[in-house]
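Working through the structure, step by step
In case you want the letters, here they are:
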Amino acid sequence: MQITQHIAALEEFVALEQSIRAGQTPCAAFGVPESLKPHLGAALSETQKRPVIVVTATDEKAAAYADAVPDGVYMPSRPLQLRASVARSRDAMFARITALSKLVFGQAQLVFISEEALLARLVPRDDFVAAHMTLESGAMHDPQQLAERLVLWGYERVDAVETAGQVARRGEILDVFCPGKSVPYRIDFFDDTIESIHEFDPISQRRGKKTFDTVSLTPAIELVLRESAAANGAAALRVADTASHALALRLGEYADSLEKDRFFEDMENYAYAFCDSALTDYLPSALVICDDYKHIKAASQSRMDIFLEKLKTMIENKEAIGDQHALYLAADEWLHRARAHDVIDLCAISASRDLRPRCEINIRAKNALSYNRQIGLLSDDLKARVHGGWRVGLFCGDAAKARKLAQELSDDVLTVPVIEDGRAPGPGEAAVYPDTLVSGFELSAAKLYLLGEREIYGFARKRKKAVSKKNQLDIFTDLKTGDLIVHDVHGKGRFLGLVTRDVQGISRDYLELEYRGGDKLFIPTDQIDRVQKYMGGESERLSKLGGKEWSQTKARVKSAVKELAEDLVSIYSERIGKTGYQYGEDTVWQKQFEDLFPYEETDGQLRSIDEIKADMRSGKIMDRLLLGDVGYGKTEVAMRACFKAAMEGRQCAVLVPTTLLARQHYYTFEQRFSPFAVKIGMLSRFVSAKEQAEVIRGIHAGTVDVVIGTHRLLSADVVFKDLGLLVVDEEQRFGVTHKERIKDLKRSVDVLTLSATPIPRTLQMSLTGIRDMSMIDTPPEERMMPESYVMAYSGELIYDAISREMARGGQTYFVCRQIRTMDKLAADLRGFVPDARVATAHGQMGENEIEKVMVDFLAGEYDVLLCTT
């Protein structure tokens, strides 16, 4: 559905456009709700046929607006630390480079940016454009000169390209990974001619099938300087006024780097010396929309006050220089530059006197109501609006949810179809769309009412993006030179690589293996199935070629395997011989439970959920390992299995190794299950004896549906009325006695084992098919990427970091390597940040003491946790 077309048809929008075309700007627009603002920007971008810059008070608001429209670009602010760093994460800079490149080359027309990001100084537009290059297959380029040019553009020269911002040259092959690209490029040369351009996998380093006729290379640094600008910047740094000899030396080193490489690690901290442009200079024909200029100005003043106060302190400590006050363009300078553009101020109550608007327009619109899954209330409202001739669109995100919602809303009075071709609903019609709308709004004049997931369900499900191969968890890696291997006959050796040898006039490829004493073994590649990668420790010693050591080792292993196999056979033959409980298809409640998950499931989660449900419906006794890294969403998958069991009246036990984890799971389950009639209990030593007795009685009587606990769950007095599912979190962390009890339970109930680091035997059983395995190999895309800096130890730096985190209501881990230094560090922290509540945790503390500290930290009673890894 083209929302912008309906906005463009509004009488008020037409008046706004006429004012812009007549030069009656700045213009103040009143009555624009938050949810409409990004769509208004998109509509103006389409009708004006030129770039639109939407300026907000914060990065968070700019990012949210960009998410709301399909073609919006978000340009984050530049992270400035002001202090010298040895190394830093470049993710934010890469995001800025990607946004700038799209804008200057016309690949995007709508950008959302905070005032802080807008006031950051940029190199001249022509210099930034000159740092881009288009390569075509068949074109002439010197690969050495090309590699050197990329290094001047900020690329790191490496032996093998693994991440964005790197370049590698090996003979006539040039690998380059550009910021903003999902895959790196492998450029093959024949002399100075580009023969082919392929994508390749940065993990395996293998060339992919996809080829390119043309690729565009972007710079890997934002401040790309021409030679004269670098020289001027170096001169400015050399004459900077500083009373610190150490700082003067560092500025001299920066100047040397500028003259040699046109780049140094902290150059954004000195952008005033070589930059005087802004985004408005990059887009001279752009329309500028202010998201309430009064709010923007107040936020700008507050931020600059904090920045200047911080700079003053650093100057007093001889860590900065006074010239750095000009790192940002002044707010009045930005306003002066903005006046060269058409400016629209989306005002809340009154227009800003600074902008002096020449016209005012009132747009009749407002935010949509929130129904929070009250389908009856939503249905009644839709019927009234449809009867009044309104067009109503409901956006659910995907086809399955759209069909389900349409079915729930349709009755004898109201028919709500699902529209998949994008056409708009007619007057007096309500329709459901399998598309995304972050937030809904109402256009009274057009009688248009749009609802997103936030209004329908009470939350906006976060959408996943394509996950690169680099983010995926892979159990097995390719064999690399130096890896330990195991040959089924000769034992443990070291892989030295592939070699080609002529034997009896026939040339063949061989795997070269090294054994103890330097002995070599050459295995033909057609016998590679006899070799596998060794998964043990790197310090393991190699086998001796020709000795009995390996055969004796195999004999011992065979004996142990036989003993294990007999045990497994007794359990699994008994399991196979028994018929388990056969669950039915998903109920309406199950679908509602899953709809309330406020995030987009990853592919790994969806696949694992389907496999677990198939087991539960099959009638066999399930024994499945769910493998996934920390934070990949194993708990959500387990909760869906528990809910399915609970909906059929069967009880679930969730067994965890620590009381802390029990409490975390308990709160998570309570939150997710709260809208449904499912009773959750907890058993651990943090639960009083009286409460434990009550939970145990509920388990025995069947009134407790799901119980979460430590090994206390395995006690003899815990008797379930009808246990249907056992979820074991990190089974390897339980003791031998507990594992025997778990083994007994496995004979008769479905078991789901969760693990990020399974023990080799558990993993081997899954890989060989004795146990079923599901794997979550894709991380949630909404994880915030960390910004990392390597910097000198500084009390002021620690104060800045911790106080900023406290100001936003967050907490801080302070990781220390040695326990003996923790008391001094704790005293330092309390001195640096007197307002911070500091707690300490390390491995020499008692278990109860550690758990109490951690529970209190999680409850927000401390601001900083000083701890070992």
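Criteria and cut-off values
Residues numbered from 1 in each chain as written. Predicted model: local features only at pLDDT ≥ 70, side-chain atom pairs only at ≥ 80, totals over all residues. Heavy atoms only, no water. Helix = DSSP H or I, 4+ residues; strand = E, 2+ residues; numbered from the N terminus. Contact = heavy atoms within 4.5 Å. Expected span 1.5 Å × (residues − 1). Buried < 20%, exposed > 50% of the residue type's maximum accessible area, 1.4 Å probe, protein only. pLDDT = per-residue confidence, 0-100. Pairing = 2+ DSSP bridges. Axes fitted to C-alpha atoms, helices over the stretch in contact; angles between N-to-C directions. Core = buried A, V, L, I, M, F, W, Y, C linked by side-chain atoms within 4.5 Å.

Helix and strand content of the chain: 27 helices and 37 strands. Long-range pairs, those at least 24 residues apart, make up 73% of the contacts in the chain with a sequence separation of at least 6.

Further remarks concern helix α21 (residues 659-673). Its 15 residues give α21 an end-to-end C-alpha distance of 21 Å, which sits within 8% of 21 Å, the value for a rise of 1.5 Å per residue. The complete set of buried residues in α21 reads T659, L660, L661, A662, H665, Y666, F669, R672 and F673.

Averaged over every residue, the pLDDT of the chain is 85; the share at 70 or more is 90%. Per-element confidence in the chain is highest for strand β5 (residues 110-114), whose mean pLDDT is 96, and lowest for helix α24 (residues 760-767), whose mean pLDDT is 55.

A sheet is described by the order of its strands in space; here seven strands give the open sequence β3-β5-β2-β14-β15-β1-β16, paired in parallel fashion. The open sheet has two edge strands with one neighbour each: β3 (72-75) and β16 (359-362). Across the sheet, the axes of successive neighbouring strands diverge by a mean angle of 25°, strand direction being ignored. This element, helix α2 (residues 11-21), spans β1 (27-30), β14 (287-290), β15 (342-347) and β16 of the sheet and lies at about 165° to β16.

Attention shifts here to the environment of W589. Locating W589 in the fold gives a position in helix α18 (residues 588-595). For W589 and F643, which are 54 residues apart along the polypeptide, the C-alpha to C-alpha distance reads 9.1 Å. If sequence neighbours within four positions are ignored, W589 has contacts with F643, M647 and F676.

The end-to-end C-alpha separation of helix α5 (residues 91-104) is 20 Å, in line with the 20 Å expected for 14 residues at 1.5 Å each. Across the 14 residues of α5, 10 count as buried, placing the element largely inside the fold. Along α5, the residues that are buried comprise A92, M93, F94, R96, I97, A99, L100, S101, L103 and V104. The inward-facing, buried residues of α5 abut β3, β5, α6 (115-119), α7 (125-130) and α11 (279-282). After α5 finishes, the residue G106 shows a positive phi value of roughly 75°.

The next point concerns the nonpolar core. With 90 residues, the main nonpolar core has L135, V176, L237, L279, Y282 and W334 as its most contacted residues. It is α5 that contributes the most residues to this core, seven residues altogether. Ignoring any residue separated from it by four or fewer positions in sequence, one finds V176 in contact with L150, Y155, V161, Q166, V167, P184, Y185, I187 and L217. Core analysis: the second largest hydrophobic core is formed by 40 residues, I289, A365, F395 and L443 among them.

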